[in-house]
Amino acid sequence: VFDKYLWRGFDLSDGRPVVQAGADLSSGKFTLSYWTNWQLKSSNDIPSGEANETDIILDYSTDLGEMLSVSVGNIWYALDGAEDTNELYLSATVNTLLSPTFAIYYDWDACEEEGLYFTADISHSIELMENLSMSLGALVAYNMHSDYAVGDYAGFHNYELSVGLDYALTDQLSVSPS
């Protein structure tokens, strides 16, 4: 449950609360993911009680040696009130202090310009006690004419700082206020 749906710096829920849920099915280095967003309170443009976005993600992740992990995949965005689209991504993480990660996203479907979106982030997790850890992160993003998703311009777009607590209820279920 979130007080709003933020995506790439945009409030996609008109400042209203949402429920977001997903599931992953993994086999080897492949993962098939389902994710959806439900609007809890209606606004002028967004009805309540309905899923207004569903994403299907196919991902392949692997380690290239001890120091580098990479992921490549496709996200299909099924959107209520907008044209559905597909986005390819490639990310690389250096497996060291702060886990620096660089990712590139390419809207190959609905975008009319270059359709590129880049992110660079760092993160760190600190174990506070058994089953409880604190996650810290920072992200900066650059838009290169990803006109469908962000806009037809090139420049820095989104900056984020994050803090979260992750409490493992079981090996496969956790609660993560952030």
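As a starting point, this report considers the structure included with it. (Residues numbered from 1 in each chain as written. Predicted model: local features only at pLDDT ≥ 70, side-chain atom pairs only at ≥ 80, totals over all residues. Heavy atoms only, no water.)

## Some words on the overall build of the protein
When helices and strands are counted, the protein shows zero helices and 12 strands. Counting from the amino terminus, helix and strand elements in the protein follow one another as β-β-β-β-β-β-β-β-β-β-β-β. Taken against the 2.2 N^0.38 rule, which gives 16 Å for 178 residues, the C-alpha radius of gyration of the protein at 17 Å falls within 12% of a compact globule. On the principal axes, the C-alpha backbone points of the protein span a range of 45 × 35 × 30 Å. Expressed as a percentage of the 178 residues in the protein, the buried residues total 32%. The long-range fraction of contacts in the protein, counting pairs at least 24 apart against all pairs at least 6 apart in sequence, stands at 34%. Here the protein has roughly 10,900 Å² of accessible surface; of this, 58% comes from carbon and sulfur atoms. The protein carries 5 positive and 28 negative side-chain charges, and their two centres are separated by 8 Å. (Helix = DSSP H or I, 4+ residues; strand = E, 2+ residues; numbered from the N terminus. Rg over C-alpha atoms; globule rule 2.2 N^0.38 Å. Buried < 20%, exposed > 50% of the residue type's maximum accessible area, 1.4 Å probe, protein only. Contact = heavy atoms within 4.5 Å. Areas by Shrake-Rupley, 256 points an atom, 1.4 Å probe, with all protein chains shown as cover. Lys, Arg positive; Asp, Glu negative; His and termini not counted. Charge placed at Lys NZ, Arg CZ, Asp CG, Glu CD.)

## Let's talk about the side chain of Asp 55
Tracing the backbone shows Asp 55 in strand β5 (residues 50-63). Although Asp 55 lies buried, it forms no salt bridge, and the closest oppositely charged side chain, Arg 8, sits 9.1 Å away as judged by the N-O distance. (Salt bridge = Lys/Arg side-chain N within 4 Å of Asp/Glu carboxyl O.)

## Some points on the environment of Phe 10
Topologically, Phe 10 is positioned in strand β2 (residues 10-11). Among the residues examined, Phe 10 registers a relative accessible area of 31% and is labelled partly exposed. Along the backbone, Phe 10 and Val 150 are 140 residues apart, and their C-alpha atoms lie at a distance of 8.6 Å. Excluding residues that lie within four positions of it along the chain, Phe 10 makes contacts with Tyr 5, Ala 149, Val 150 and His 157.

## Topic: the pairing of β5
With 10 bridges joining them, strand β4 (residues 30-39) and β5 adopt antiparallel strand pairing. Note on β5: the bridge partner recorded for Trp 35 is Asp 55. For β5 and strand β6 (residues 68-79), the ladder comprises 11 bridges, and the chain directions are antiparallel. By the bridge assignment, Tyr 60 is partnered in β6 with Val 72. Hairpin connection between β5 and β6: a loop of four residues separates the two successive antiparallel strands, and Gly 65 in this loop has a positive phi of roughly 85°. (Pairing = 2+ DSSP bridges.)

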